[in-house]
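Structural characterization, general
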Amino acid sequence: MPAQAYAGKECVCQFRKGICDQSCVQGMMETTFYIACLRLSGRRCVVVGGGDVGLEKVEGLLACDADVTLIAPDAIGPLRRLAEEGSIGWEQRTYRDSDLDRTFMAIAATNDTDVNISVYDAAEERAMLVNIVDVPSLCNFILPAIVRTGPLAIAISTAGASPALAKRMKREIAETYGEPYARLAIMLNDARGWAKGNLATYQDRKRFFEGIVNGEPDPIALLREGRATEVLDIIAAAKAATDQPAPAGQA
């Protein structure tokens, strides 16, 4: 059962049970989520709630270059400073449904059930993305734990079953897939233009990159040993090999 619903606590979802009976999250563990990476650059995203959780969500959106507007009568110091420096817009008042007009995504991080339900309903009417923090039944998407290293982003989700387990997995994945993988990703990205210009088919490009990534010597092992030049040599050799004429009888 997702961690946000506990039988016997006060109900905070749209079903207004009074006391939670967990009915809002029945089947949550069986839900198959469509995993996607969203391009938020320049898109209007609204965060409702000016507390610590609101700050966490604002910072996550800013990291993706979103156009962030905070809706809250009051806000903690770090959020105030972000507004003062112009990094976010701040509507210093209570939430209105019209706040979601021309908006791509809304996240509500409040302890007011009525506000949370209003945000969800208004977002659903507009067919937009909405997440009400800690209320799974008032979300049409969930936010996984994210490991970021350079251009790499790895998402971990337990479908709400255990945030603690997701945090452990995040820590272990960060230790395993760290800086060497990010450096290799950058090197391979630098070779993409050459590959598109010189390798005619998708299969040709696939063989080229897989030969580097899965070849010997292992480029990740080389990068871990500080031997980046040798990885560049491997990429250069792979390029040169594609320029070689095919052996007789294999043209």
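As the structure is a prediction and not an experimental result, all values here were calculated from the model. (Residues numbered from 1 in each chain as written. Predicted model: local features only at pLDDT ≥ 70, side-chain atom pairs only at ≥ 80, totals over all residues. Heavy atoms only, no water.)

A word on the overall build of the chain
Worth spelling out the cut-off: Helix and strand assignments follow DSSP, with helices taken as H or I runs no shorter than four residues and strands as E runs no shorter than two, numbered in order from the N terminus. Each residue's exposure class comes from its accessible area (1.4 Å probe, protein chains only) as a fraction of the maximum for that residue type: buried when under 20%, exposed when over 50%, partly exposed otherwise. Throughout, the Shrake-Rupley method with a 1.4 Å probe supplies accessible areas, and for residues the shown protein chains are the sole cover considered.
Regarding its fold elements, the chain presents 8 helices and 7 strands. With 251 residues in all, the chain has 37% of them scored as buried. With the model as given, the accessible surface of the chain reaches about 14,800 Å², and the carbon-plus-sulfur share is 50%.

Considerations on the pairing of strand β4 (residues 105–108)
Threshold: Criterion used throughout: strands pair if DSSP finds at least two bridges between them. We call a crossover right-handed when, viewed with both strands directed away from the observer, the connection leading from the first strand over the helix to the second proceeds clockwise.
Here β4 shows two buried faces, one formed by Met-105 and Ile-107 and the other by Ala-106 and Ala-108. Pairing geometry for strand β1 (residues 44–48) and β4, over 4 bridges, is parallel. Within β4, the residue paired with Val-47 across the bridge is Ile-107. Considered for its hand, the β-α-β crossover made up of β4, helix α3 (residues 113–125) and strand β5 (residues 129–132) is right-handed.

Remarks on the packing of helix α1 (residues 52–63) against helix α2 (residues 77–84)
What describes two packed helices is the angle between their axes and the distance between those same axes. Put simply, the rule is: Lines fitted to C-alpha atoms define the axes here, with helix axes fitted over just the stretch in contact, and angles between the N-to-C directions of these axes take values from 0 to 180 degrees. Crossing handedness: left-handed means the near helix sits turned counterclockwise from the far one by under a right angle, and right-handed means the same turn made clockwise. Contacts between residues were defined by any pair of non-hydrogen atoms, one from each residue, lying within 4.5 Å. Three classes are used: nonpolar for Ala, Val, Leu, Ile, Met, Phe, Trp, Tyr, Cys and Pro, charged for Asp, Glu, Lys and Arg, and polar for all others, with Gly counted as polar.
Put simply, α1 and α2 touch, their axes get as near as 9 Å, and they point 35° apart. Judged by the twist between their axes, the crossing of α1 over α2 is left-handed. Between α1 and α2, the residues in contact are Gly-54, Leu-55, Val-58 and Leu-62 and Pro-78, Leu-79 and Leu-82, respectively. Per-class residue counts for the contact of α1 with α2 are 6 nonpolar, 1 polar and no charged.

With respect to α3
The condition is simple: Residue count minus one, scaled by 1.5 Å, sets the expected span of a helix. N or O atoms closer than or at 3.5 Å make up a polar contact, with two conditions inside protein: a donor-capable atom paired with an acceptor-capable one, and, for residues adjacent in sequence, both atoms drawn from side chains.
A rise of 1.5 Å per residue sets the reference length of α3, with its 13 residues, at 18 Å; its end C-alpha atoms lie 18 Å apart and thus fit the reference within 8%. For α3, the full list of buried residues reads Thr-113, Asn-116, Ile-117, Val-119, Tyr-120, Ala-122 and Ala-123. Among the structural elements, β1, β4 and β5 are those in contact with the buried residues of α3. By the N-cap criterion, in which a side-chain oxygen at the helix start approaches the backbone nitrogen of a residue two or three places on, α3 is capped by Asp-112, the distance to Asp-114 being 3.0 Å. Positive backbone phi, at 55°, marks Ala-127, one or two positions downstream of α3.

Worth remembering: the numbers are spatial, not functional.
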